[in-house]
Amino acid sequence: MNILFPYIDKKPEHYLSKYPPRKTTALRMAPSPTGYLHIGSLGMALTCRMLSNQSKGVFYLRIEDTDQKREVVDATERMVAAFNQYGVRFDEGYTFGGNYGPYIQSERTEIYQTFAKNLVERGRAYPCFCTSADLEKTREIQTKNKTDIGYHGQYATCQNLTEAQIKQNITDGKPFAIRLRPSTPAGTRIGWNDPSRGHMELPAIINHPIILKSNGTPPYNFAHVIDDVLMRTSHVVRGEEWLPSTAEHIEIHRAMFDTDPTWAYVHPPVICVDEDGRKRKLSKRKDRHALAETFIENGYPKLALIDYLLTLYNTDYEMWRIENPTAPYADFPFRFEKIGKNSPLFDINKLNHISRNIIARKTKAEINAEVDEYFAGKNIETTKIKAILAVDRETEKPRKDIASYSEILTEYDYLFNRPNVTVEIDPTKGMTMKQKRMLLTGRETGPSLDAIMEILGPKEVAARLK
Ligand code: GLU
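Residues numbered from 1 in each chain as written. Predicted model: local features only at pLDDT ≥ 70, side-chain atom pairs only at ≥ 80, totals over all residues. Heavy atoms only, no water.

Student: A description of the site of the ligand should follow, citing residues and the corresponding values.
Tutor: Taken together, the neighbourhood of the ligand is formed by Arg28, Ala30, Pro31, Ser32, Glu64, Tyr220, Arg238 and Trp242. A distance of 2.8 Å separates a nitrogen atom of the ligand from a polar atom in the backbone of Ala30. Grouping the constituent residues of the shell around the ligand by class yields 4 nonpolar, 1 polar and 3 charged. (Near = heavy atom within 4 Å. Polar contact = N/O pair within 3.5 Å; in protein donor to acceptor, adjacent residues only side chain to side chain. Nonpolar A, V, L, I, M, F, W, Y, C, P; charged D, E, K, R; others polar.)

Student: Any chance you could break down the pairing of strand S12 (residues 278-281) for me, citing the residues and the numbers?
Tutor: Working note: regular strand, side chains alternate between the two faces of the sheet. Two strands pair when backbone bridges link them, and strand S11 (residues 272-275) and S12 are joined in this way by 4 bridges, in the antiparallel orientation. Of the residues in S12, the one forming a bridge with Val273 is Arg280. In this antiparallel pair of consecutive strands, S11 and S12, the connection spans 2 residues, and Asp276 shows a positive phi of 50 degrees. (Pairing = 2+ DSSP bridges. Helix = DSSP H or I, 4+ residues; strand = E, 2+ residues; numbered from the N terminus.)

Student: Could you give me a rundown of the pattern of salt bridges, with the residues and numbers involved?
Tutor: The full count for this structure, using the stated rule, is 32 salt bridges. The shortest N-O distance in the salt bridge between Arg254 and Asp260 comes to 2.6 Å. On the basis of relative accessible area, Asp260 is assigned to the partly exposed category, the value being 33%. For the salt bridge of Glu460 with Arg464, the shortest nitrogen-to-oxygen distance reads 2.7 Å. Here Glu460 pairs with Arg464, and both are found in helix H18 (residues 458-465), just 4 residues apart, close to one helical turn. When sorted by exposure, Glu460 lands in the same class as Arg464, which is buried. Connected through salt bridges with shared partners, the residues Arg28, Arg62, Glu64, Arg108, Asp227 and Asp228 form a single ionic network. (Salt bridge = Lys/Arg side-chain N within 4 Å of Asp/Glu carboxyl O. Buried < 20%, exposed > 50% of the residue type's maximum accessible area, 1.4 Å probe, protein only.)

Student: Tell me about the nonpolar core, residues and numbers included.
Tutor: Ranked by size, the top nonpolar core spans 52 residues in total, and within it Ile39, Leu42, Phe83 and Phe346 carry the most contacts. Counting residues per element, the ones that place at least two in this core are strand S1 (26-29), helix H2 (39-54), strand S2 (58-61), helix H3 (75-85), helix H9 (292-297), helix H10 (302-313), helix H11 (317-323) and helix H12 (348-361). Setting aside residues no more than four positions away along its own chain, Leu42 makes contact with Leu37, Phe83, Tyr86, Val88, Ala292, Leu305 and Leu309. Core analysis: the second largest hydrophobic core is formed by 45 residues, Tyr60, Tyr100, Phe176 and Ile226 among them. (Core = buried A, V, L, I, M, F, W, Y, C linked by side-chain atoms within 4.5 Å. Contact = heavy atoms within 4.5 Å.)

Student: So what's going on with the packing of helix H7 (residues 220-230) against helix H8 (residues 246-257)? Which residues, and what values?
Tutor: Interaxial distance between H7 and H8 falls to 9 Å at its minimum, and their mutual angle equals 55 degrees. The angle between H7 and H8 falls in the class oblique. Where H7 crosses over H8, the handedness of that crossing is right-handed. Along the contact surface, H7 presents Tyr220, Asn221, Phe222, His224, Val225, Ile226 and Val229, while H8 presents Glu248, His249, Ile252, His253, Met256 and Phe257. Residue classes in the contact of H7 with H8 are distributed as 8 nonpolar, 4 polar and 1 charged. (Axes fitted to C-alpha atoms, helices over the stretch in contact; angles between N-to-C directions. Parallel < 35°, antiparallel > 145°, perpendicular 65-115°, else oblique. Left-handed = near helix turned anticlockwise from the far one by under 90°.)

On their own, these measurements won't tell you what the molecule is for.
If you want it as structure tokens, here you go:
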């Protein structure tokens, strides 16, 4: 079948020997550049990094850019930057190098075509010349016949084309996709072992999935299997939204090697939000809290989001954190069985609570450095900010006023602007303390008045109390 991809002269064996098996575990993060870094991806990356450290393995970054239509121009660059800001370290991968690359799918087309060509030569896949109009017609017939929609059985017309017909179509310049011919009998089930969920299974697929599109590039299902084989992945940790397609991915692996994948599939749950009483996925496009960058822009300490995400993904993390409040998060003894099974709801109040405690525990020197970092280039005088954040710091009962550095500007707005308040003073009693605070800060509570007066200075205090 050299008429398909005539320029491909390699065999799968070439790549299988080029990328030898590893001696350690290998985990990967495989984001698609269809948006900036999602907090779910950050949470999974942190979990993989911990697992990789604890098993003394390799953690690599692969960019899955097969969906060029949905690609966001600077997404890859910004995702790499965001991983870096949160201290997620990769041992190899895109921009990091390594011996198992290229680590970006758009540079691996030749590899995918080599495997697809080989599948066709072995009768495990075939070219499909159906146009979208043909597929639409099939769908109408299937709807009328109340049969499963898809390319299967009698409806998979291209599976029976002879070599001569295929040659003719190609000579006529007809575009074609490559489809897999499933080999697991319909009606049986495909099972696998997930170290966190236990034994899992799904019905064998009947649909003949596309493994190469008519432009010669693969969809995720095929690309992921080839890449994880050649990059010698030991654990495919990916969002639960991929769980339903796992039978298809195993089927693709079976077609290539007659065996099931050697890696373990782990599907942590996806983070959701409550929308009018309905749970839906936290979306990069709709929810600003979905993006890891948002929390940096708002001045959350990085550890606050890290601790929160690890709490969402690992059911025993919160307890461990209570028992080890100052330990590095990487010391957490990760266990697969403790990965959550139900989709957690994103809860900003819980994140704020974690963050307040983290900020409260920081020393004056740490706070000063973080304030400088957050306000750099923002044209805001930080002397008074540092002074107010020093109040009660490094004591037994530190203040827990703020959850993020951006909150300083609202929580302590009186440092910069005179409050717009008036108070009725009873001439017989004079000004109460409470009233004094209101005039100075516009608030009923806050740090001690002595401290506030010292920070504002006598002239400003006199002007506010006039
Ligand atoms: N590229 C897929 C995504 O961004 C990742 C799936 C995987 O990790 O295999 O959802």
